[in-house]
Amino acid sequence: MKQYEFWFVVGSQFLYGSEVLEIVEARAREMAAELSKVLPYPLVYKVTAKTNKEITDVVKEANYRDECAGIVTWCHTFSPSKMWINGLAALQKPYCHLATQYNKEIPNDEIDMDFMNLNQAAHGDREHGFIAARLRMPRKVIAGYWQDEKVHKRLSDWMKAAVGVAVSKQMKVMRFGDNMREVAVTEGDKVEVQTKLGWQVNTWAVGDLVKEMNKVTEAEVDALVAEYEASYVMATDNLYAIRYQAKEEIAMKKMLDREGCRAFTNTFQDLYGMEQLPGLASQHLMAQGYGYGGEGDWKVSAMTAILKAMGEGGNGASGFMEDYTYHLVEGQEYSLGAHMLEVCPSLAADKPRIETHHLGIGMNEKDPARLVFEGKAGKGIVVSLVDMGGRLRLIVQDIEAVKPIMPMPNLPVARVMWRALPDLTTGVECWIIAGGAHHTVLSYDVTAEQMRDWARMMDIEFVHIGADTTPEKLEEELLVKDLVWKLK
Ligand code: MN
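What counts, and where the lines are drawn
- Residues numbered from 1 in each chain as written.
- Predicted model: local features only at pLDDT ≥ 70, side-chain atom pairs only at ≥ 80, totals over all residues.
- Heavy atoms only, no water.
- Pairing = 2+ DSSP bridges.
- Helix = DSSP H or I, 4+ residues; strand = E, 2+ residues; numbered from the N terminus.
- Axes fitted to C-alpha atoms, helices over the stretch in contact; angles between N-to-C directions.
- Donors = N, O, S within 2.8 Å, 3.2 Å for Na, K, Ca; no water.
- Buried < 20%, exposed > 50% of the residue type's maximum accessible area, 1.4 Å probe, protein only.
- Domains from an automatic or database assignment.
- Contact = heavy atoms within 4.5 Å.
- Buried area = accessible area lost by both parts, 1.4 Å probe.
- Salt bridge = Lys/Arg side-chain N within 4 Å of Asp/Glu carboxyl O.
- Right-handed = clockwise from strand over helix to strand, strands pointing away.
- Parallel < 35°, antiparallel > 145°, perpendicular 65-115°, else oblique.
- Left-handed = near helix turned anticlockwise from the far one by under 90°.
- Nonpolar A, V, L, I, M, F, W, Y, C, P; charged D, E, K, R; others polar.
- Core = buried A, V, L, I, M, F, W, Y, C linked by side-chain atoms within 4.5 Å.
- 1 Å grid on protein atoms, 1.4 Å probe; cavity = no way out; pocket = protein on both sides within 12 Å on 5 of 7 lines; lining within 4 Å.
- Points joined across faces, edges and corners; volume = space filled by probe spheres on them.

Caption draft 1: Broad picture of the sheet that holds strand β9 (residues 263-265). Spatially, the 4 strands line up as an open sheet ordered β7-β6-β9-β10, and their pairing is parallel. Only two strands of the sheet have a single partner each, and these edge strands are β7 (200-204) and β10 (291-293). When the angles between neighbouring strand axes are averaged without regard to direction, this sheet yields 20°. Two strands pair when backbone bridges link them, and strand β6 (residues 172-176) and β7 are joined in this way by 5 bridges, in the parallel orientation.

Here's what the structure looks like:
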């Protein structure tokens, strides 16, 4: 996992004299150091900027340095914003304006005009905010006292979204086979996603994967099966199927790593030369942070990898999901999500079980091994990126996952049960109105606000379906957005 950092750029000017500037710098260093202790990525103090050149120079360096995942700006004092224009116009990295203040309280006895001139963020941050608005800069504004936990949480969340931007810009997706025949929503403009999101989406032959599988040694398989045994409950005697999945995983991982791909797709319609659809293999790869999409769905695969990277510890509880069927009993309205095999174990409530079952769909000659488990209860989101023709739309819906309300003993796959917001049927209406796919990324630790931040940074349309959404409001919103995005 790459080590990212963020740069703290503090605005000021020469008007106040060197003594004030020294205080500003010392405080900015202190704030960066203290914040770095509580944030997921270091905040590195860079400069107290007083000139156009200082700002332009730090932006040029931020653009160039791969480890810099974004800049955080703040104006302790007043910083006339015309000096920021050239730098901000050149900025290619995520940008957060932290509207904060060094002191928490107004000191009743101490306050005089010297204090006012030193501590004028209320003043400086407005001048700073204007120029970003004037330049139509995509930016995050976070206001609050820098030592408050709420500010730490919001800054942490934004940093993770910005890391999602860095991961997106380097994203390479390996496709084994094409999309499932005739399916519309998994299609899309690969040139558009590379231009907008940075994704390189390319195809490798299934035959190349089979060749790679034939080179896998028994010793390599032994080692991976030992890892499976340590991570999961063995609930099958069919060791052959597990070893076959291990061989598939090792071969896919070698090809992914060789090409620098962080996400992959395959399709049950093209398993030529393979005996089993990768189930356990894909699931264990997802557990390691790789993105996956079934039926050739490269959009959901890349998004899975990005949401994982945005999650806790750089590999959070996010996974490829598919809406399957509903429970429509009043007061118990839930969606049941699963997939043919490939549900990520990061969503599991308990230790997953390795099982083998017959799989009727597709080219499977033998019963594939897969991980079976129940999803965790808790708040989450489902995310879908769709291609509207001429632009990309990111749809995010808030959900509340529950422990599945029935055991479903004959269901041979991992399952997650949830209630969409605002309620199941209104939520489904809104999702369908917006054109959301049947494939999603389901996440327990990425929030809708983080996805909004990510979409803003990527300059794509964002639609959020939450507790307050109604089909009427949503239709109006989509109509306006359709016009706006045609003009953009
Ligand atoms: Mn599917």
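Caption draft 2: Spotlight on the coordination of the manganese ion. Around the manganese ion, the protein contributes the donor atoms Glu295 (OE), Glu322 (OE), His339 (NE2) and His439 (NE2), which lie 2.0 to 2.2 Å from the metal centre. Spacing between the donor residues of the manganese ion along the chain follows E-x26-E-x16-H-x99-H. With a gap of 17 residues between them, Glu322 in strand β11 (residues 318-327) and His339 in the loop between β12 (334-338) and β13 (353-356) connect regions that are remote in the sequence. His339 shares its class with Glu322; the two are buried.

Caption draft 3: Main features of the domain arrangement of the protein. Each assigned domain of the protein is listed here: domain 1 (5-169) and domain 2 (172-487). Once you take the C-alpha centre of each, domain 1 and domain 2 turn out to be 37 Å apart. In this complex, domain 1 contributes 17 residues to the contact, which on the side of domain 2 involves 17 residues. With both chains or domains summed, domain 1 and domain 2 bury close to 1400 Å², and 57% of this area falls on carbon and sulfur atoms. Of all residues in domain 1, Lys160, Val167 and Ser168 bury the most surface against domain 2, accounting for 35% of the area lost on that side. Our enumeration of links across domain 1 and domain 2 arrives at 4 salt bridges. Residue Glu449 is joined to Lys140 by a salt bridge in which the shortest nitrogen-to-oxygen separation is 2.5 Å.

Caption draft 4: Summary view of the pairing of strand β1 (residues 5-11). Most of β1 is tucked away: 6 of the 7 residues are buried. Direction of pairing for β1 relative to strand β3 (residues 68-74): parallel, over a ladder of 6 bridges. Residue pairing in the sheet places Val9 in a bridge with Thr73 of β3. Of the pairings in the sheet, the one linking β1 to strand β2 (residues 43-49) comprises 6 bridges and is parallel in character. In the strand pairing of β2, Phe8 is matched with Tyr45. Between the parallel elements β1 and β2, the chain passes through helix α1 (residues 18-38) in a crossover that is right-handed.

Caption draft 5: Summary view of the packing of helix α6 (residues 149-169) against helix α12 (residues 298-310). The contact between α6 and α12 brings their axes to 8 Å, and the two run at 140°. As the angle between them shows, α6 and α12 are arranged oblique. In this structure, the crossing between α6 and α12 has a hand that is right-handed. Contacts between α6 and α12 involve Lys160, Ala161, Val163, Gly164, Val167 and Ser168 from the former and Ile306, Ala309 and Met310 from the latter. In the contact of α6 with α12, the residues fall into 6 nonpolar, 2 polar and 1 charged.

Caption draft 6: Region of the structure containing the nonpolar core. Residues Phe8, Trp158, Trp199, Met303, Leu394, Met451 and Trp454 are the most contacted members of the largest nonpolar core, which totals 132 residues. With 10 residues, the single largest contributor to this core is α6. With residues near it in sequence (within four places) discarded, Trp454 still touches Ala161, Gly164, Val165, Ser168, Leu197, Met303, Ile306, Met310, Leu394 and Ile460.

Caption draft 7: Fine view of empty space enclosed by the protein. Taken as a whole, this structure holds 3 cavities of 30 Å³ or more when the rule is applied. Volume-wise, the largest cavity comes out at about 70 Å³. Forming the boundary of the largest cavity are Val185, Thr186, Asp297, Lys299, Val300, Met303, Val383, Ser384, Leu385, Ala437, His439 and Val441. Contributions of two or more residues to the lining of the largest cavity are made by α12, β15 (378-387) and β18 (439-443). A per-class count over the lining of the largest cavity returns 7 nonpolar, 3 polar and 2 charged.

Caption draft 8: Summary view of the side chain of Thr186. Tracing the chain through its elements places Thr186 in the loop between β6 and α7 (190-197). Leaving out residues up to four positions away in the same chain, Thr186 has contacts with Asn179, Glu295, Asp297, Trp298, Lys299 and His439.

Caption draft 9: Highlighting the layout of surface pockets. Estimates place the volume of the largest pocket at around 360 Å³. As for the largest pocket, its lining consists of 18 residues, and the residues nearest its centre are Arg456, Asp459, Ile460, Trp485 and Lys488. Residue assignment for the lining of the largest pocket shows that the elements contributing at least two residues are α14 (448-458), β19 (461-465) and α15 (471-487). In terms of residue count, α14 provides more of the lining of the largest pocket than any other element does, 5 residues in total.

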